[in-house]
Amino acid sequence: MDRHLSTLRSLPWSLLVAVAVASAGCHGSAERSAEPIAEKNAAARGGLKAWRAVQSMTMTGSLEAGKPRDPVKLAMSYLRPRKDARAEARKALVHPREADADKPVQLPFVMELKRPRKTRLEIRFKGQTAVQVYDGHQGWKLRPFLGRREVEPFTAEELRVASAQTDLDGPLNDYARKGNKVELEGTEPVEGHDAFRLKVTSEDGQVRHVWVDTQTYLDVKVDGSRRLDGKPRPVWTTFRDYRPVNGLMIPHVLETTVEGVPGSEKILVERVALNPQLDDAQFSKPD
């Protein structure tokens, strides 16, 4: 789902195998060796035909910040307010009592996805709802609990991040049809299990990596980047707790770490609906 659903915790791993691509011949070999992995990944997730039939999706659940996180920082990390909004945010948000200091911060959310690459995210906190919308070309945000009560357009950086997001079925499904190129770079452990490290290059040249478990062939991790304090930082999201939804395997726990940022953020999915009726107006500029 972006950091923001790409915030939406650095996980430790050591490199086991590195594939050096130094010639056109090796490059072609890497691509050929990645193809059967992508095919098995699609089959493990429910099948390419079944995923092609999914035109929309709704996910509901909660964002868990973890015990050490400040709710102001959490809200700012998800909704990217300007620096001058920090004081307003601290006035608008109520800090947890000391008795609640050891309890993870939970923010209920609803995310709606529709092809091609339309997203709507609603986050509820203290009786107010923030909205973040992307129609595939433009984006808008409304952040009342940060003291921002007017609809604002995405910044250039937010548009860049939103445009880099994959479709609702991920970067590997139908990768050739989407114009992506996939190469096998090697194998390395992710949370104690070996995983194939795949390099995915989009049609416009953007590169990201996907790790696929060597036994289950399900995605277990994906990387990305997020700009903090004016600098891009690597971001990793780990996928866990896959459950069947109408025959498709969908992760219900997504944990995100940002390099140099303590703690982590979890997305806990409680319910997934496939092919709900979503009006295009849901993805236009909020009122």
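Since we're looking at a predicted model, the values are computed, not measured. (Residues numbered from 1 in each chain as written. Predicted model: local features only at pLDDT ≥ 70, side-chain atom pairs only at ≥ 80, totals over all residues. Heavy atoms only, no water.)

Colleague: I'm lost on unusual backbone geometry in this one. Help?
Modeller: Among all residues except glycine, the phi angle is most often negative; among peptide bonds, the trans geometry is most common. Look at the link from Arg 115 to Pro 116: it is a cis peptide, with omega at -5 degrees. Residue placement: Pro 116 occurs in the loop between strand E2 (106-114) and strand E3 (118-125). One non-glycine residue, Arg 117, lies in positive phi territory at about 60 degrees. Despite not being glycine, Asn 275 shows a phi value in the positive range, around 55 degrees. Mapped onto the elements of the fold, Asn 275 is located in the segment after strand E13 (265-274). (Helix = DSSP H or I, 4+ residues; strand = E, 2+ residues; numbered from the N terminus.)

Colleague: Help me understand the pairing of strand E10 (residues 219-228), please; the structure alone is not making it clear to me.
Modeller: The side chains of a regular strand alternate between both faces of the sheet. The sheet contact formed by strand E9 (residues 207-213) and E10 spans 3 bridges and is antiparallel. By the bridge assignment, Val 210 is partnered in E10 with Val 222. Here E9 folds back onto E10, and the loop between the two strands holds 5 residues, one of which, Tyr 217, carries a positive phi near 65 degrees. Across 8 bridges, the pairing between E10 and strand E11 (residues 231-245) is antiparallel. Within E11, the position partnered with Leu 228 by the bridge is Lys 231. Joining the antiparallel neighbours E10 and E11 is a turn of 2 residues, in which Asp 229 adopts a positive phi near 55 degrees. (Pairing = 2+ DSSP bridges.)

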